[in-house]
Structures are given as C-alpha cells and as structure tokens.
Amino acid sequence: MNAKTMEGIVGSKNNMNLTNTPMRVFKEARRKGDVATMERAMGYAGEFAEKADEYKVRAHEGTKEDVEEARKKAAEEQENAIRKRKEEREELEKRIEESRNKGTDTVEISEDGKALLKESTDSAGAEQTDGSVADAGTDAAKQGPVIYTKTGEAGQPETGTEFSVSV
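Bear in mind the structure is a predicted one, so any value in this text is a computation, not a measurement. Position labels on residues start from 1 in each chain and follow its written sequence. Note on the predicted model: pLDDT of at least 70 is required for a residue's local features to be given, and 80 or more for side-chain atom pairs to be given and counted; whole-chain, interface and lining totals, by contrast, use all residues. To obtain the side-chain values, all non-hydrogen atoms of the structure were included, while hydrogens and water were left out.

Undergrad: Tell me what's going on with the overall build of the protein chain, and back it up with residues and numbers.
TA: Regarding its fold elements, the protein chain presents 4 helices and 2 strands. Secondary structure counts use DSSP, requiring at least four H or I residues in a row for a helix and at least two E residues in a row for a strand, with both numbered from the N terminus. Secondary structure of the protein chain in N-to-C order comes out as α-α-α-α-β-β. The buried label applies to any residue whose accessible area, calculated with a 1.4 Å probe on protein chains only, is under 20% of its type's maximum; exposed applies above 50%, and partly exposed to all values in between. Here the protein chain, with 167 residues, has 12% of them falling under the buried criterion. Any two residues whose heavy atoms approach within 4.5 Å are treated as being in contact. Intrachain contacts of the protein chain at a sequence separation of at least 6 include 51% that bridge at least 24 residues. The method behind every accessible area is Shrake-Rupley, applied with a 1.4 Å probe, and residues are considered shielded solely by the protein chains displayed. If you sum the accessible surface of the protein chain, you get close to 14,700 Å²; carbon and sulfur atoms cover 52% of it.

Undergrad: Residues and numbers for helix α3 (residues 111-123), please.
TA: Between the first and last residue of a helix there are one fewer steps than residues, each counted as 1.5 Å, and that sum is the expected span. When the terminal C-alpha atoms of α3 are compared, their 18 Å separation across 13 residues agrees well with the 18 Å that a helix rising 1.5 Å per residue should span. The buried fraction of α3 amounts to 1 of the 13 residues, a small share that puts the element mostly on the outside.

Undergrad: I'd like a rundown of helix α1 (residues 3-32), residues and numbers included.
TA: For α1, which comprises 30 residues, the first-to-last C-alpha distance of 44 Å matches the rise-based estimate of 44 Å (1.5 Å per residue) to within 8%. Any N or O atom pair separated by 3.5 Å or less is treated as a polar contact, with the protein-specific requirement of one donor-capable and one acceptor-capable atom, and with residues adjacent in sequence counted only for side-chain atom pairs. Two or three places before Lys4, at the opening of α1, Asn2 has a side-chain oxygen 3.2 Å from that residue's backbone nitrogen. One or two steps after α1, the chain reaches Gly33, where phi turns positive at roughly 85 degrees.

Undergrad: Give a description of a nonpolar patch on the surface that names residues and reports values.
TA: A patch is a set of surface residues, each over 30% in relative accessible area and not in a salt bridge, joined within 9 Å for like charges and within 5 Å for the nonpolar side chains Val, Leu, Ile, Met, Phe, Trp and Tyr. Salt-bridge detection follows one rule: a side-chain nitrogen of Lys or Arg within 4 Å of a carboxyl oxygen of Asp or Glu. On the surface, Met1, Met6, Ile9 and Val10 cluster together to form a nonpolar patch covering roughly 410 Å² of accessible area. Position of Val10 relative to the elements: it lies in helix α1. On the accessibility criterion, Val10 (42% relative accessible area) is partly exposed.

Undergrad: Kindly report on the side chain of Asn15, identifying the contributing residues and their values.
TA: Locating Asn15 in the fold gives a position in helix α1. The buried category is assigned to Asn15, whose relative accessible area is 7%. Among residues more than four places away in sequence, those in contact with Asn15 are Phe48, Lys51, Ala52 and Tyr55.

Now the structure itself:
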C-alpha cells in the first residue's frame, strides 16, 4: 500500500474522530442556549470535516497511484513471461534438432557396394519354379514382404487370408 494512501486513510479517520469533541460541545451549548459557544464549536467541527475531506482526496490519489504501479508491474511480469517462454521454446527446438541428428543412424553404401548390388540384381534374380528364392542377393522388391519366425528364419506369408473389420 502506498504511503500516500495510508496517510490519507489515517488522517481522515483521526479528523472524523476529532469532530466528535466539538459536536459534543455544540450539543451542550445548545441545551444551555449559549449561541457564541455553539458557533465556535461548529467552526471547529467544520475545520475537522474539511481536513478529513482533504485526507480523503489524498487517499484516493494514493489508490490511483497504487493501481498504476500494479498495472506497470503486471505488464513487466507479462513481458518477462513472454520472453521466458520464447527462450524455452528456442531451447526445446534446439534439443529436438539435436535429438533428431543425434539419435539416428546413417547408412552409406560405398561405390563398391553399389556396384556389387547392381551386378547381383542383373545376373541372378530369377525365382525357381517351386517359388523359393534362387539367390540370396536378389532384389528385395521382387521378394515381397518377409515375415520372420521366433527363431529368426524367414517364413512365407500366408496367402488367401481374408481380413474383415466391422465398425
């Protein structure tokens, strides 16, 4: 809370409490019929009331300053949060890029390997009449899908199997 606000609240309250004394004197003078004392008492009461109003205005100004400071602080916090999120996003993107580059294996085939593959696919790639593969170096695209058993041997996919999906 702003010091100006506190001063305004305390000053206003004290002056309103101080108004009670001249008002009590005013009431007593009215009972007695003393007009001069009544006028003096009302003058003091009016002064205290005016001071209370002045302190009220100070408190109001202090409150406005508090609100303005709070808005500035909130704007700064928001800017800091945006900047922090942007930095975190950049770090995350860097980590993702590093993990993409780091976690993958790259296979490069040498020129000799390419030549050997070309020779093996050109020379012997025919299947035998019983459907078994004649040469282990045949093109994988010609073989079709291969299913491996638990022992690690290549098995033949079952043909003629039908699948149905009901939704």
